Every structure is written in structure tokens, then in C-alpha cells.
Amino acid sequence: MGARLMVDKSWGLAPTPPIERRARGEPLADRLESRAAARAASAASRETARQSARAADAALRESDPHTAAAQRRRGSGRKDIVREDRDTSGYRMVTDPARIRALAARGASAQSLSDVLGLPVETIRQALADAG
């Protein structure tokens, strides 16, 4: 039975001679400098594109806020729906005496209930007196 050797092949070989550094050093340095310059140019062009996109978005927000909101980039969800505030002007608030007493029990004053519910203070006080 042969024993398996878990050894890298290079362990049994002589080391390779060092690479001549002078012959390769100058072209390598030139290549590194050109790559760094290309990366800097690429970053500058990306930043210019970002700034122009921001300026275009700002101009669209100024001219048509609804369309700008619809086109805004969102992380998730539907992209074509713009949330609008609901018109609650036609809604009626429940103003029965039980609700008035419940709000007063939570600490609301007669004056604040009058302001919020749009009723006279005497009506609020009467609803609170009827409870007792």
C-alpha cells in the first residue's frame, strides 16, 4: 500500500532564480501610473455624470414636482405611484356625548374639546355634566 503524500510539487524543486528587477521595473511603474490615471479619469467622469443628473432632477422638481416624484428612484415598491395626501375636509368627527366623556377622562379640557370638535364650551360642559 502506497502512502499518499500531501506535499506541494514545488517542495522538491530548487528555488527559481529571482526576477531581474531593473528590466521589468520601469514598464511596470509606467503601467501602474497609467492605470492610476485611468481610474482617476473614470472617477471624475462618474462624478460629472452624478452632478449633471442631480441638476436635471432639481430642474424637474422645480418645473413639475408630480412627475419628479413619480420618476424618483426608490429602493423598493411600485415606481409609478405617487402618494398624495388624502382630502379629509368632508369627513365628520364623532361628537356624541360618550366620546366627549371618554376624551375628557383621558385629560382633555372642555376648552380644548370645544376647539377640536367645533362645539360651544357650554355643549361640552353639558355633555360632561350629564354623565355624573
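These notes cover the structure that comes with them.

### Some words on the nonpolar core
If you look at the biggest cluster of nonpolar residues, it comprises eight residues: Ile 100, Leu 103, Ala 110, Leu 113, Leu 117, Val 121, Ile 124 and Ala 127. Contributions of two or more residues to this core are made by helix 3 (97–105), helix 4 (110–117) and helix 5 (121–131). Apart from the residues within four sequence positions on either side, Ile 100 is in contact with Thr 95, Leu 113, Leu 117, Leu 119, Ile 124, Ala 127 and Leu 128.

### Examining the side chain of Ser 114
Within the element layout of this structure, Ser 114 appears in helix 4. The exposure class of Ser 114 is buried, given its relative accessible area of 9%. A polar side-chain atom of Ser 114 sits 2.5 Å from the main-chain carbonyl oxygen of Leu 119.

### Some details on the layout of surface pockets
Considering only enclosed or pocket space, the largest pocket measures out at about 170 Å³ in volume. Asp 57, Leu 60, Arg 61, Pro 65, Ala 68, Ala 69, Gln 71, Arg 72 and Arg 73 are the residues that line the largest pocket. Listing elements by their share of the lining of the largest pocket, those giving two or more residues are helix 1 (21–63) and helix 2 (65–71). Along the lines of polarity and charge, the residues of the lining of the largest pocket split into four nonpolar, one polar and four charged.

The rules behind the values
- Residues numbered from 1 in each chain as written.
- Predicted model: local features only at pLDDT ≥ 70, side-chain atom pairs only at ≥ 80, totals over all residues.
- Heavy atoms only, no water.
- Core = buried A, V, L, I, M, F, W, Y, C linked by side-chain atoms within 4.5 Å.
- Buried < 20%, exposed > 50% of the residue type's maximum accessible area, 1.4 Å probe, protein only.
- Helix = DSSP H or I, 4+ residues; strand = E, 2+ residues; numbered from the N terminus.
- Contact = heavy atoms within 4.5 Å.
- Polar contact = N/O pair within 3.5 Å; in protein donor to acceptor, adjacent residues only side chain to side chain.
- 1 Å grid on protein atoms, 1.4 Å probe; cavity = no way out; pocket = protein on both sides within 12 Å on 5 of 7 lines; lining within 4 Å.
- Points joined across faces, edges and corners; volume = space filled by probe spheres on them.
- Nonpolar A, V, L, I, M, F, W, Y, C, P; charged D, E, K, R; others polar.

None of the figures reported here should be taken as evidence of function without further support.
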